[in-house]
Structures are given as structure tokens and as C-alpha cells.
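Residue strings, one per chain:
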Amino acid sequence: MYIPSEPVKTPDLSVENKCPLYLTREAQWKVMRDCIEGSDAVKAAGPEYLPKAPGKSKIETERRYAAFLKRAVYVNFTGQALDIMHGMIFRRSPAIQAPDNFIDSGALGNIDNRGNGLYQFLSDSVRDVMATGFGGILLDMPAAPEGLTVEEAEKMGIRPHLKYYKAEDIDFWRFDNFNGVERLSLVKLKERVDRGSMFVHSYETRYRVLAINEKGEYYQTVYDPVKDANGKVVEYTETVIPITVNGNPIEYIPFVMLPFGEPEQPPLYNLAVLNIAHYQSTADFKNGVHISTLGTGWITGHEAKEDEEHKEQNESITLGDDAFLMIPEPEAKVGKIEFAGEGLAHSEKDIDKIESQMAGLFLKDIAPDKKTSETAESAYVHRAGENARLATLARNISVKVTQILQWFMEWKGYEGNISLQLNYDYETMSLDPNIINSIANISGQGKFPLYSVFWILQQQELVEPDMTYDDFIYLIDMEQLSGLTNKEIYDAFKSKRAQEHRAVKA
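Engineer: Whenever I open this one, the overall build of the chain confuses me. Can you help?
Structural biologist: A tally of helices and strands in the chain yields 14 helices and 17 strands. Residue burial in the chain is summarised as follows: out of 506 residues, 39% are buried. A fraction of 67% describes how many contacts in the chain between residues 6 or more apart in sequence connect residues 24 or more apart. Accessible area of the chain: about 29600 Å², with a carbon and sulfur share of 52%.

Engineer: What should I look at first to understand the packing of helix α1 (residues 20–37) against helix α6 (residues 118–132) in this one?
Structural biologist: If you want to describe how two helices pack, look at the angle between their axes and the distance between the axes. Viewed as axis vectors pointing N to C, α1 and α6 meet at an angle of 120 degrees, and their least axial separation amounts to 8 Å. One way to sum up the angle between α1 and α6 is to call them oblique. Within the contact between the two elements, α1 uses Trp29, Met32, Arg33 and Ile36 and α6 uses Arg127, Asp128, Ala131 and Thr132. By residue class, the composition of the contact of α1 with α6 is four nonpolar, one polar and three charged.

Engineer: Help me understand the packing of aromatic side chains in this model?
Structural biologist: Summed over the entire model, instances satisfying the criterion amount to 17 aromatic pairs. Residues Phe102 and Phe408 carry aromatic rings whose centres are separated by 6.2 Å and whose planes lie at 75 degrees to one another, so their mutual orientation is edge-to-face. Placement of Phe102 in helix α5 (residues 100–104) and of Phe408 in helix α10 (residues 376–411) is noted, with a sequence separation of 306 residues between them. For the pair Phe102 and Phe408, one class covers both residues: buried. Pairing Tyr451 with Tyr469 gives two aromatic rings, centres 5.0 Å apart and planes at 80 degrees, and the pair type is edge-to-face. Remark: Tyr469 occurs in helix α13 (residues 469–482) and Tyr451 occurs in helix α12 (residues 450–459); sequence separation between them is 18 residues. With relative accessibility at 45%, the residue Tyr451 sits in the partly exposed group. Judged by relative accessible area, Tyr469 falls into the partly exposed class, the value being 25%. Through successive ring pairs, a cluster of aromatic residues spans Tyr22, Trp29, Phe134 and Trp173. Directly above the ring of Tyr424 sits Arg395, whose terminal nitrogen or CZ lies 3.8 Å from the centroid.

Engineer: Would you take a moment to explain the nonpolar core for this structure?
Structural biologist: Generally speaking, nonpolar side chains in soluble globular proteins are found buried as a group. Counting residues in each nonpolar core, the largest one holds 90 residues, and the members touching the most others are Ile89, Val187, Phe255 and Leu405. Looking at this core, the element that brings in the most residues is α10, giving 12 residues. Ignoring sequence-local partners within four residues, the contact set of Val187 consists of Ile170, Phe172, Trp173, Arg208, Val209, Leu210, Ile253, Phe255 and Met257. In this structure, Val453, Phe454, Met467 and Ile489 belong to the second largest nonpolar core, which totals 12 residues.

What counts, and at which threshold
Residues numbered from 1 in each chain as written. Predicted model: local features only at pLDDT ≥ 70, side-chain atom pairs only at ≥ 80, totals over all residues. Heavy atoms only, no water. Helix = DSSP H or I, 4+ residues; strand = E, 2+ residues; numbered from the N terminus. Buried < 20%, exposed > 50% of the residue type's maximum accessible area, 1.4 Å probe, protein only. Contact = heavy atoms within 4.5 Å. Areas by Shrake-Rupley, 256 points an atom, 1.4 Å probe, with all protein chains shown as cover. Axes fitted to C-alpha atoms, helices over the stretch in contact; angles between N-to-C directions. Parallel < 35°, antiparallel > 145°, perpendicular 65-115°, else oblique. Nonpolar A, V, L, I, M, F, W, Y, C, P; charged D, E, K, R; others polar. Phe/Tyr/Trp six-rings, centres within 6.5 Å; stacked < 30°, edge-to-face > 60°. Lys NZ or Arg CZ within 6 Å of the ring centre and 35° of its normal. Core = buried A, V, L, I, M, F, W, Y, C linked by side-chain atoms within 4.5 Å.

What follows is the structure, given as C-alpha cells:
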């Protein structure tokens, strides 16, 4: 239960400080966000990703750059790669093992107090983590008046829930040694709060600090900004929130950082850098095609008129118009430079080379290699390293989410253990039927464990994803020994599951 203290003002603005590692990764996160968002975001950044070429004047430079930017094409390889990675992890639903009474309670159906079930919450959170290589989940609970029962609190929506924080909103943290174990001792989270009215949004940033006090107990402090007449933050109000769960303080911060302890380079960052290089090369190529198609006009023996106000040459001559050009000087000559040579061929080769590099960094699905073809076996080897890295990420996230779900279940008042495992089998190559038959024959001779057969079938998605090994051997024994019909065996299997379910509830 939360018992907020009275807010107090502090002129200390050090709460705005950020970790050095945060500052190191912040620029990488922006590149990732822009590349994943797509063409509009990349082009809106202007010279940050597409440098300006020098011009004779500011007006001419801006005019030419606007046309250059408009012709540029950004192909969102990074976003496609992220979608593929996300799809590989969630090709199968996360495997959850937990007490039946907890599962049946529906606690995982609205896990974030926003109507999202665990699957949707995880899907959204993991996708964001893969984008930046960093994120976090907080187990939290709204403030509750004194004396409420659990049932009354539930009806009021006062229940434990999970909240995801993206990389940019986790800007300070600290680890300390607790009885020989290094644990999270402080983390600062940035939150956007809408202070507007019904039809007006007015956002401001506040900070939520999670920490352990001198007694070793977890508490929160919320820092709300106080602004002067010009809208500048001059101080913060501090609201300290001691926290108890089921009437007792807790001695840990219920927050996990994903997928590792601290932010690392985003998994797709190198691909994003190449994606920007591809964008720049494509822009140069498109601009080159435009210039070489129209050609460049030239005039000798004629002096352009000068704009007296701006001191710039403002006389323009249009190429491709259906009107004759009238040049007053009899010695003036007019011509047009035509494109010749293989300049654009070099640009095309550069674009192909970058696409090949991107394919090498990630998957053949993104930019297929046009020069070679792979057999199924060589393609398997080619992908193995990438799959291993993705599997490591999935396993690490699974461990962290299991920890937060264990706390969640305890906060809800349930006993037992819970575990969650994201999919880390990304190979869709099927086993040859002859291999499966050989495995079955060897197992029948007692030379291959039946459990290993079950594991192989489960990995190949040849049995139901929620089937346990106990279910597997029960059905085998029933079919071989019972003498029952297929329907009778199926009915007996359903009855067995129902009895197990009632036993757990009891």
C-alpha cells in the first residue's frame, strides 16, 4: 500500500542529471528511432542524415537542397529487419508455467491496467527493446486508502500492474552491494504528464525515483516541476512514497532492465548506419539522374542582371521551355552540357554494395544477394550466428520477465513459482520424415530416450504447444495398453486434465 507524504519543495535541479552511459547511447537511440519510423522522420532530420551541398548563396543553397531532399528515397530496411526479428521471437506464444489458480484468476488478462494481456504487453515491450537495446519494466500499484480489503481494492482498479519504460525514459541508475550481491539500488524514470484540459494537451516532464532507504526498504520519490512565469523549471516538489506489500515493506526495487543490466549498442544499429548510407547514395544517384537528364545550360558573352536590393544575380533562363531565348548581345552564345561517361554507374555499384553489406549483417530476406545462390544447408549456417544472438536476447528477456512476474504473483497474494520463456527456436526447416521415423525406431528399441523424442516433436511443432511430457506418455500408454477407442482415450485425457485442475485449486 502507498502512503504518500506531504510534498516539499526543493531548489535542487540535480534530479535532471543523466548517467554517462545514457548520454553515450542517446544519439544511437535517436538514429534507431528515426530509421525505424521511416522516410518522414529521416527526411525531417534534414542535414543530420543528408548533408547539404555548398551553393553560391543561402537562397540558392536552400532551394537546391529542398529539391535534393525531395528526390531522395529512404527504403526502410531497418524497420523491416525489426519486424522480422520480432516475428521470429513471437512466432510461438511465450511458454508460461504457473499455478493453475493464478492463471485462472485472470490476473494476466489486464496486466498493465490499460486492458492489455500479458502477450500484448510483452509483444509491445520486446519490440521496443529490440529497437534500442534497452528498456525496463516496473511493478507498481496505485495509492490505496487505509482499511481497504483486497476485493474492494480490486473493484476500484487498485491492483499490482506492470508498466514499461522505454530507453529514453530510464536516464539514471545505480548498483550497490547488498550482502555480497550487486543489486539495483536506485533508478530514475522520466514520465510525461498531461496537465491540459479536455481538448488541450499540455505535457510536462516529471521524475519518479525508485530507491532503497537506510533501513534497506524500497520507496519512491516523485519530483514534479515548478516553473516560473517564462515556463522555465526553477525547482521541484518532492513527494516521498513509502511502499508496503500485503502490509510489509519490501527490500528490493521491483524494476528490471531489459535485456541486460545496462544499455548496450542497439542490435540493429550497424544496419541502421548502413541504411543511412544507402539513403545518401540513393539521393546522390537520384539527383545525378535528374541533373544528367535535364543537362546544364551555359551562356557566354552575356552578363546577368543584378538585383539591387539583395545584391544577387536574379535573372533566370528556363531550360526546356517552349519560348525562344532572347539575348541582347550579338556575340552571346548559348549551349547545353550533355551527360557522358559512367559516373552514375559508380553510384549504382555503391548502392548494390551497401545492400549486400546490409544482407550480410542481417537476413537474406532484407536484401537478397544477387550474385550467389545458397543451398538450404549453407543458408542455415549463414543464419546460425544471427539466430544465436537473437536467442541470447530472448533468453535474457525471459529471465528478467520471469523475475517481475514472480514478484507480481506474490503481490497478488499467490504462492508458488512462475516462469516465462520466449521462443528462441527460429529455424523453420522441417526434419525429413525418414529422420523422424528413424528416431522413433531407435526409441522403440530403448536406445533413445522417449523424452528426447517428445522434445524434438515439440521443437518441430508436431505436438500441441501446451502439451506436457506427462500428457505425452499418458496418451501413449493409453493407446498401447488400455484397449479403448480413440474417442474414449480422448475423453479420459480430458477428464485427467480436469481432475488435475481441480486438485490444484483445492
